[in-house]
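# Report on the structure
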Amino acid sequence: MEVVLKVTSRFLHALAMAQPSKAEIQSMTKEPIEVLDDLANQVADEFEAYRQPDEFKDVSLVIENSDEEHPTLIVHVDREDAESLADRIDEFLREHGARTERERHSATDVRVLATVD
């Protein structure tokens, strides 16, 4: 018995459209800690105005890697309008492929926790 598989151009177009992006491929080939390190650098660049070297930093970045399989990028926002800045950071992280959670310690102290696969 001979099986013939016909592939239509419509199928090929759908397959090509499903290809992962360069960022997704990079994330798949790197360890989570490397991806989080890259993401932390991007956050530092994007929110540079809140990280002045000679002043108290409104945004601090820490990678917690005590669980080597599931490291976490912690973005600590400590300022008067912490919630609105945390919203912007949360959105930025999600746009860059991270899953996020929040910890609110007070009106001026919010932490955005980011993890990747």
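Now for a description of the structure that goes with this document. (Residues numbered from 1 in each chain as written. Predicted model: local features only at pLDDT ≥ 70, side-chain atom pairs only at ≥ 80, totals over all residues. Heavy atoms only, no water.)

So, about the pattern of salt bridges. Taken as a whole and judged by the stated rule, the model has nine salt bridges. A salt bridge links arginine 102 to glutamate 83; its shortest N-O distance comes to 2.5 Å. One end of the pair, arginine 102, is in strand 3 (residues 99-106); the other, glutamate 83, is in helix 4 (residues 82-95), and 19 residues separate them in sequence. Under the relative-accessibility criterion, arginine 102 is labelled partly exposed at 32%. We note a salt bridge from arginine 99 to aspartate 117, for which the minimum N-O separation is 2.9 Å. Taken together, the positions of arginine 99 in strand 3 and aspartate 117 in the segment after strand 4 (109-115) put the pair 18 residues apart, joining distant regions of the chain. On the basis of relative accessibility, which here comes to 43%, the residue arginine 99 falls in the partly exposed class. Judged by relative accessible area, which is 71%, aspartate 117 ranks as exposed. (Salt bridge = Lys/Arg side-chain N within 4 Å of Asp/Glu carboxyl O. Helix = DSSP H or I, 4+ residues; strand = E, 2+ residues; numbered from the N terminus. Buried < 20%, exposed > 50% of the residue type's maximum accessible area, 1.4 Å probe, protein only.)

Further remarks concern the pairing of strand 2 (residues 72-78). The side chains of a regular strand alternate, first on one face of the sheet and then on the other. Pairing geometry for strand 1 (residues 59-64) and strand 2, over six bridges, is antiparallel. Within strand 2, the position partnered with leucine 61 by the bridge is valine 75. (Pairing = 2+ DSSP bridges.)

Next up on the list: the packing of aromatic side chains. Each aromatic ring pair is summarised here by two numbers: the centre-to-centre distance and the angle between the ring planes. All told, the structure shown has one aromatic pair when counted by the stated rule. Considering the side-chain rings of phenylalanine 47 and phenylalanine 92, the 5.7 Å spacing of their centres and the 85° angle between planes classify their relative orientation as edge-to-face. Highlighted residues: phenylalanine 47 in the loop between helix 3 (32-46) and strand 1 and phenylalanine 92 in helix 4, separated in sequence by 45 residues. (Phe/Tyr/Trp six-rings, centres within 6.5 Å; stacked < 30°, edge-to-face > 60°.)

Here we take up the sheet that holds strand 2. The four strands are arranged 1-2-4-3 in an open sheet whose pairing can be described as antiparallel. Edge positions in the sheet fall to strand 1 and strand 3, since each of these pairs with one other strand and no more. The sheet shows a mean angle of 20° between the axes of neighbouring strands, direction not considered. Relative to strand 1, helix 3 is tilted by about 175°, and along the sheet it contacts strand 1, strand 2 and strand 4. (Axes fitted to C-alpha atoms, helices over the stretch in contact; angles between N-to-C directions. Contact = heavy atoms within 4.5 Å.)

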